[in-house]
Amino acid sequence: MKQNERELTAFCGLYCGDCIRYKCRASDLANELLHEIDKTHFTKYAHVKRTHMEEFENLNSLISLLKVISEIKCSTPCRSGGDGCGGTCEIKKCALSKKFEGCWECNECEQCNKFEFLKPFHGNAPKNNLRKIKQYGLDTWSSHREQCYPWLTKK
Ligand code: SF4
Ligand code: SF4
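Summary of the structure given here. (Residues numbered from 1 in each chain as written. Chains lettered and ligands numbered in written order. Predicted model: local features only at pLDDT ≥ 70, side-chain atom pairs only at ≥ 80, totals over all residues. Heavy atoms only, no water.)

### Considerations on the overall build of the chain
In step 1: Secondary structure summary: the chain contains six helices and zero strands in total.
In step 2: Listed by position from the N terminus, the elements making up the chain come as α-α-α-α-α-α.
In step 3: A compact globule built from 155 residues would reach a C-alpha radius of gyration of about 15 Å, whereas the chain, at 20 Å, exceeds it by more than 25%.
In step 4: On the principal axes, the C-alpha backbone points of the chain span a range of 65 × 35 × 25 Å.
In step 5: Within the span of the chain, comprising 155 residues, buried residues form 32% of the whole. (Helix = DSSP H or I, 4+ residues; strand = E, 2+ residues; numbered from the N terminus. Rg over C-alpha atoms; globule rule 2.2 N^0.38 Å. Buried < 20%, exposed > 50% of the residue type's maximum accessible area, 1.4 Å probe, protein only.)

### Brief notes about the packing of helix 1 (residues 25–39) against helix 3 (residues 59–71)
In step 1: Viewed as axis vectors pointing N to C, helix 1 and helix 3 meet at an angle of 140°, and their least axial separation amounts to 8 Å. It follows from the interaxial angle that helix 1 and helix 3 lie oblique. Handedness of the helix 1/helix 3 crossing: left-handed. From helix 1, Ala 26, Ser 27, Ala 30, Asn 31, Leu 33, Leu 34 and Ile 37 reach across to helix 3, where they touch Ile 63, Leu 66, Lys 67, Ile 69 and Ser 70.
In step 2: Partitioning the contact of helix 1 with helix 3 into residue classes produces eight nonpolar, three polar and one charged. (Axes fitted to C-alpha atoms, helices over the stretch in contact; angles between N-to-C directions. Parallel < 35°, antiparallel > 145°, perpendicular 65-115°, else oblique. Left-handed = near helix turned anticlockwise from the far one by under 90°. Contact = heavy atoms within 4.5 Å. Nonpolar A, V, L, I, M, F, W, Y, C, P; charged D, E, K, R; others polar.)

### A word on the site of ligand 2
In step 1: Close to ligand 2 lie Ile 91, Cys 94, Ala 95, Lys 98, Phe 100, Cys 103, Cys 106, Cys 109, Cys 112, Lys 114 and Phe 115, which account for all nearby residues.
In step 2: Per-class residue counts for the shell around ligand 2 are nine nonpolar, no polar and two charged. (Near = heavy atom within 4 Å.)

### A closer look at the nonpolar core
In step 1: By size, the foremost hydrophobic cluster in this structure holds 23 residues, and its most contacted members are Cys 12, Ile 91, Phe 115 and Leu 130.
In step 2: Elements with a contribution of two residues or more to this core: helix 4 (90–97) and helix 6 (125–136).
In step 3: Leaving out residues up to four positions away in the same chain, Ile 91 has contacts with Phe 11, Cys 12, Cys 103, Lys 114, Phe 115, Phe 117 and Leu 118.
In step 4: Counting residues in each nonpolar core, the second largest holds seven residues, with Ala 30, Leu 34, Leu 59 and Leu 66 among its members. (Core = buried A, V, L, I, M, F, W, Y, C linked by side-chain atoms within 4.5 Å.)

### Considering the site of ligand 1
In step 1: With respect to spatial proximity, the complete set of residues near ligand 1 consists of Ala 10, Phe 11, Cys 12, Cys 78, Gly 84, Cys 85, Cys 89, Phe 117 and Leu 118.
In step 2: Split by residue class, the shell around ligand 1 holds eight nonpolar, one polar and no charged.

### A word on the environment of Thr 153
In step 1: With respect to the element layout, Thr 153 can be found in the segment after helix 6.
In step 2: Using a relative accessible area of 42% as the deciding quantity, one classes Thr 153 as partly exposed.
In step 3: Taking the C-alpha atoms as reference points, Thr 153 and Gly 13, 140 residues apart in sequence, are found 18 Å from one another.

Pasting the structure below:
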């Protein structure tokens, strides 16, 4: 199901449509590669091949990593009932307990320290976005949103 702007707005002010995990193509590709490795018994081949190419010693680590990448895919935004960022989000729990549509309805938003875990990934974008949602409303704020990941900001 295609989500609308309102549904794509997370409790914390992130825009799920920008999230690397949302409908993650890398997860699909990782899954496909895992199937191919399995189907072709590639680990057996790698076991022999490693005597000539030591890089093949790392195949099991690669397989572990591919499994993790395949599992980070998120198909349903947290405000539409999905697990969002892992299903244990304190922000989501808190907003729901206060019966808020999202943190933009909260008067403690500016002082709230539940956003710290998002900083390494998103800098100040969530709180800046919450201010935009308050200013423009839930249906039209997203065209004013901040870059989801600071490393995507043009210098
Ligand atoms: S699960 Fe939590 S951190 Fe992730 S987008 Fe939703 S509210 Fe934000
Ligand atoms: S205190 Fe307010 S801003 Fe902080 S997580 Fe809870 S609802 Fe969101």
